[in-house]
Amino acid sequence: MSTLTWTPDAPGELLPGWRAADVAAADAARLATGVDLMAVAAHALAGRCAALLRERAGGVSGRAVVLLVGPGNNGGDALLAGASLRRRGAGVTALLLADRAHEGGVAGLRAAGGRVIRPHPDDEADLHHAADLVRDADLVVDGVLGIGARGAVRGAAHDLLERVALRGGAVVACDLPSGLDPDTGALSGPVLPADVTVTFGAAKAGLLLPRGRHVVGELVVVDLGLEEHLPDPALHLVRDGGAPDLPGPHVAVRWPRPWRDADKYARGVLGVAAGDDRYPGAAVLACSAAAASGVGMVRYVPADGRAAAVDPVGPLVLRAVPELLVQPLADVGRVQAWVVGPGVSEPDDPRVRHVLEEADEPAVVDAGALQAAARLTREGTLRRPDRLLLTPHRGELERVAGVLGLERREDAVDTARDVVARTGAVVLLKGADTVVLTPEGRTTVVPGGPPWLATAGAGDVLAGVAGALLAAGTAPGRAATLAAHVHAVAAHRASRGGPLHAALVADEVRGVVADALGARVPGEGLASGGAPVLWDDGARD
Ligand SMILES: NC(=O)C1=CN([C@@H]2O[C@H](COP(=O)(O)OP(=O)(O)OC[C@H]3O[C@@H](n4cnc5c(N)ncnc54)[C@H](O)[C@@H]3O)[C@@H](O)[C@H]2O)[C@@H](O)CC1
Ligand SMILES: [K+]
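Under an unreviewed UniProt entry, the name given to the protein chain is Bifunctional NAD(P)H-hydrate repair enzyme, and the organism recorded is Aquipuribacter nitratireducens. According to the UniProt record, the Subunit (unreviewed entry) comment for the protein chain reads "Homotetramer."

Next up, the structure:
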């Protein structure tokens, strides 16, 4: 299924998502003011269904619409939308897939001339017939379960979804694709991937999280006037610039830019403690990416306290970034941030110990330094975790959680949240999508790069970009979100649908940042030509 997009009328750089319980409470508060929310929801749903029928089937009148109807109000929404489509001339059949169905909805559909069928859950011929109706429909509306869902879809709906889950025609999900957990995005049992999800009142968090996003299709958020009844969102999703290879307004507004007479310290000086004899390339990639991200200067710190003259990695990083300095740990000059860990294969590498136990500067902690951060957390000697950005992929996260002695969780995002709570550091969890979690409780989902990005060295590039931002004074949570987005956009450019390798991604970073800054909306964020972000609070992303 396509990646998630959302309609332009949902403004802002970030799309907020809420927990189902918070939306249900806001629904109830709004209902108490006397608004017929279901009528508003069904009207909007019918409108989007009609538009999709026109796009895909050339019109509404005479087209076949099948409603999959569950026991609750979600089914009620679908039935009332079906009644509206019937009045516009569509042939509408409701399949009632539970032992009860929303009475007003059934009556409404019948009154409009729609057909209502209740397939018997144990009758093979009934289910077969229902599956045929679904397969032949121009449009299927999934109204089996909404935010009242608990676990995988059960009963006749389960059996039917299993038979039709791979059908090709248009599907509109009512509030959310049934079988998707509204809070976590977990998919249990068969799920009908939607072309469009019309969600009511507020986007549910699960629609924006990695596991859920790929079955949501285009997301339309219907305004039910819930704002004043909703608490803070559970998470945010970062928006691109209209296509995966265009940076979104989030970057334009927040990327630090130098003022006219800024020196290298104002731009940021980054120490890179990465690479060793086994993994020299990690150092090259991290340094190149940092340079492409606008850092003022890079100090490269070789392994083993070696002097520049004898370090074999130094000439490689110098060839990639001629302006950097190679300085052994004992002589390293002033830095404003660190990247530590990419391509570091020795667990007791003194560079790792220095950054994690002695330094005060913010640091990106990646790869070979992650387990050390976990071990030092356990021992109580990790220095100022609030300055740290941990960047594990899933496997590394599990190892970190293991060292920390955390309980095993099924969902990696939950594990990451536990690691944040235990360490006090920001965690950037790499995966198909990136999830950034901060100790203040903020969760941000950043849509990922192309699948080709799952390649050696991609993480080293990301670490370099994030390090450059930390060096410029951007707070760890914000740096993580910005870096992940720029990295993903750069990867889309490097790939153009085909294979890529990490150095190509690093090469694209500069152009992505330039485009983002060029597209910046005047009057928003920093003043034009203004100061870089210096130690912003980072509480908000
Ligand atoms: N509360 C409101 O005022 C509004 C609700 N709306 C709609 O109502 C929906 C929520 O309605 P409900 O609270 O009735 O909940 P649902 O329609 O999601 O369904 C809950 C029902 O399904 C059953 N059920 C739960 N999990 C199941 C499973 N895994 N397999 C089979 N059956 C299961 C439950 O027993 C319960 O009867 C929203 O998603 C939205 O579509 C909208 O009309 C907007 C306003
Ligand atoms: K649904």
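Participant: How would you sum up unusual backbone geometry? Please name residues and give values.
Facilitator: Positive phi values are uncommon outside glycine, yet Asp 175 reaches one of about 70°. Here Asp 175 falls in the buried class, since its relative accessible area comes to 7%. In the Ramachandran plot, Arg 496 falls in the positive-phi region, its phi being about 40° despite a non-glycine side chain. Residue placement: Arg 496 occurs in the loop between α18 (476–495) and α19 (502–518). The class for Arg 496 is exposed, based on a relative accessible area of 75%.

Participant: I'd like a description of the sheet that holds strand β13 (residues 325–326), backed by residues and values.
Facilitator: With mixed pairing, eleven strands are arranged side by side in an open sheet as β2-β10-β19-β18-β17-β16-β15-β14-β11-β12-β13. Every interior strand has two partners, whereas the edge strands, β2 (14–17) and β13, have only one. Pairing analysis gives two bridges linking strand β16 (residues 388–390) to strand β17 (residues 426–429), with the strands arranged parallel. When the bridges of β17 are listed, Leu 390 appears paired with Val 427.

Participant: So what's going on with the UniProt feature "binding site: K(+)" (unreviewed entry) in the protein chain? Residues and values would help.
Facilitator: Mapped onto this numbering, the UniProt entry annotates "binding site: K(+)" (unreviewed entry) at Asn 74, Asp 142 and Ser 178. The named residues occupy 105 residues along the chain; their greatest pairwise C-alpha distance, 9.7 Å, places them in one compact cluster. The topology assignment puts Asn 74 in helix α3 (residues 73–87). Residue Asn 74 is classed as buried on the basis of its relative accessible area, which comes to 8%. Asn 74 has contacts with Asp 142, Gly 143, Val 144, Leu 145, Gly 146, Cys 174 and Asp 175, leaving out every residue within four places of it along the chain. Position of Asp 142 relative to the elements: it lies in strand β6 (residues 139–143). Assessed through its relative accessible area of 0%, Asp 142 is described here as buried.

Participant: Outline the UniProt feature "domain: YjeF N-terminal" (unreviewed entry) in the protein chain, listing residues and values.
Facilitator: Here, the residues flagged by UniProt with the feature "domain: YjeF N-terminal" (unreviewed entry) are residues 18–232. Along residues 18–232 one finds 41% helix and 16% strand; the C-alpha atoms at either end are 8 Å apart.

Participant: Residue-level account of the coordination of the potassium ion (ligand 2), with values.
Facilitator: Protein coordination at the potassium ion (ligand 2): the donors are Asn 74 (OD1), Asp 142 (O), Leu 145 (O), Cys 174 (O), Leu 176 (O) and Ser 178 (OG), at 2.6 to 3.0 Å from the metal. Because the angles between the six donor atoms bound to the potassium ion (ligand 2) fall within 71 to 173°, the donor set is best described as irregular.

Participant: How would you summarise the site of ligand 1 if you had to cite specific residues and measurements?
Facilitator: Near ligand 1 lie 22 residues; those nearest to it are Asp 77, Arg 100, Gly 146, Ala 152 and Asp 175. Considered on its own, ligand 1 offers 870 Å² of accessible surface; in the complex 80% of this is hidden by protein. Going through the elements one at a time, α1 (20–31), α2 (37–57) and α3 are the ones with two or more residues in the shell around ligand 1. If one sorts the elements of the shell around ligand 1 by residue count, α3 sits on top with three residues. Across the shell around ligand 1, the residue classes break down as ten nonpolar, six polar and six charged.

Participant: So what's going on with the state of the cysteines? Which residues, and what values?
Facilitator: Simply put, disulfide is the name for a covalent bond between the sulfur atoms of two cysteines. The tally for this structure, following the rule as stated, stands at zero disulfides. In this structure Cys 49 is not part of a disulfide, and its nearest cysteine sulfur, from Cys 174, lies 8.5 Å away. Residue Cys 174 is classed as buried on the basis of its relative accessible area of 0%.

Participant: Outline the packing of helix α11 (residues 280–292) against helix α17 (residues 458–471), listing residues and values.
Facilitator: Direction vectors running N to C along α11 and α17 enclose 40°, while the axes themselves pass 7 Å from each other. Taken together, the axes of α11 and α17 lie oblique to each other. In this structure, the crossing between α11 and α17 has a hand that is right-handed. Contacts between α11 and α17 involve Ala 282, Leu 285, Ala 286, Ala 289 and Ala 290 on the former and, on the latter, Asp 460, Val 461, Gly 464, Val 465 and Ala 468.

Participant: Mind laying out the domain arrangement of the protein chain, listing which residues take part and the relevant values?
Facilitator: Splitting the protein chain by domain gives domain 1 (5–235) and domain 2 (249–268 + 338–518). Measuring from the centre of the C-alpha atoms in domain 1 to the corresponding centre in domain 2 gives 37 Å. Contact residues are listed per partner, giving ten residues for domain 1 and eleven residues for domain 2. Of all residues in domain 1, Glu 13, Leu 14 and Arg 213 give up the largest surface area on contact with domain 2, accounting jointly for 49% of the area buried on that side. Note that Asp 411 is salt-bridged to Arg 211, the shortest N-O span being 3.2 Å. Our count for the domain 1 to domain 2 interface comes out at two residue pairs in polar contact (both at pLDDT 80 or more). No other element matches the three residues that helix α8 (residues 210–213) contributes to the side of domain 1 that touches domain 2. Its residues assigned to classes, the side of domain 1 that touches domain 2 shows six nonpolar, one polar and three charged.

About the criteria used
- All residue numbers here refer to positions counted from 1 along the written sequence of the relevant chain.
- Key to labels: chains lettered from A, ligands numbered from 1, both in the order written.
- Reporting of local features is limited, given that this is a predicted model, to residues whose pLDDT is at least 70; pairs of side-chain atoms are given and counted only at 80 or more, and all residues count toward the totals for whole chains, interfaces and linings.
- Derived side-chain values reflect all non-hydrogen atoms in the structure, with water molecules and hydrogen atoms excluded from consideration.
- UniProt positions are given in the numbering used here, feature names are shortened, and annotations may be inferred rather than shown by experiment.
- Each residue's exposure class comes from its accessible area (1.4 Å probe, protein chains only) as a fraction of the maximum for that residue type: buried when under 20%, exposed when over 50%, partly exposed otherwise.
- Going along the chain from the N terminus, every DSSP run of H or I of four or more residues is numbered as a helix, and every run of E of two or more is numbered as a strand.
- Strand pairing is assigned whenever DSSP identifies at least 2 bridges connecting the two strands.
- Note on contacts: a residue pair is in contact if any heavy atoms of the two residues lie within 4.5 Å.
- Listed donor atoms are N, O and S within 2.8 Å of the metal (Na, K and Ca: 3.2 Å). As water is not included, a site may look incomplete.
- Site shape is set this way: if four donors have all angles between 85 and 135 degrees, tetrahedral; if opposite donors are over 155 degrees apart and all others between 65 and 115, square planar for four donors and octahedral for six; otherwise irregular.
- The nearness test applies per residue and asks whether one of its heavy atoms lies within 4 Å of the molecule or strand.
- All accessibility values rest on the Shrake-Rupley procedure with a 1.4 Å probe; residue burial counts only the protein chains present in the view.
- Side-chain classes are defined by residue name, with Ala, Val, Leu, Ile, Met, Phe, Trp, Tyr, Cys and Pro counting as nonpolar, Asp, Glu, Lys and Arg as charged, and the others, Gly among them, as polar.
- Pairs of cysteine sulfur atoms within 2.5 Å are identified as disulfides in what follows.
- Convention adopted: a line fitted to C-alpha atoms gives each axis, helices being fitted over their contacting stretch, and angles between N-to-C directions are expressed from 0 to 180 degrees.
- When an angle is under 35 degrees it counts as roughly parallel; over 145 it counts as roughly antiparallel; between 65 and 115 it counts as roughly perpendicular; any other value is oblique.
- What makes a crossing left-handed is the near helix being turned counterclockwise from the far one by less than a right angle; a clockwise turn instead makes it right-handed.
- What marks off one domain from the next here is an automatic or database domain assignment.
- The quantity reported as buried area is the accessible area (1.4 Å probe) lost by two parts once they are put together, taken as the sum for both.
- By definition, a salt bridge exists where a carboxyl oxygen of Asp or Glu is found within 4 Å of a side-chain nitrogen of Lys or Arg.
- Any N or O atom pair separated by 3.5 Å or less is treated as a polar contact, with the protein-specific requirement of one donor-capable and one acceptor-capable atom, and with residues adjacent in sequence counted only for side-chain atom pairs.

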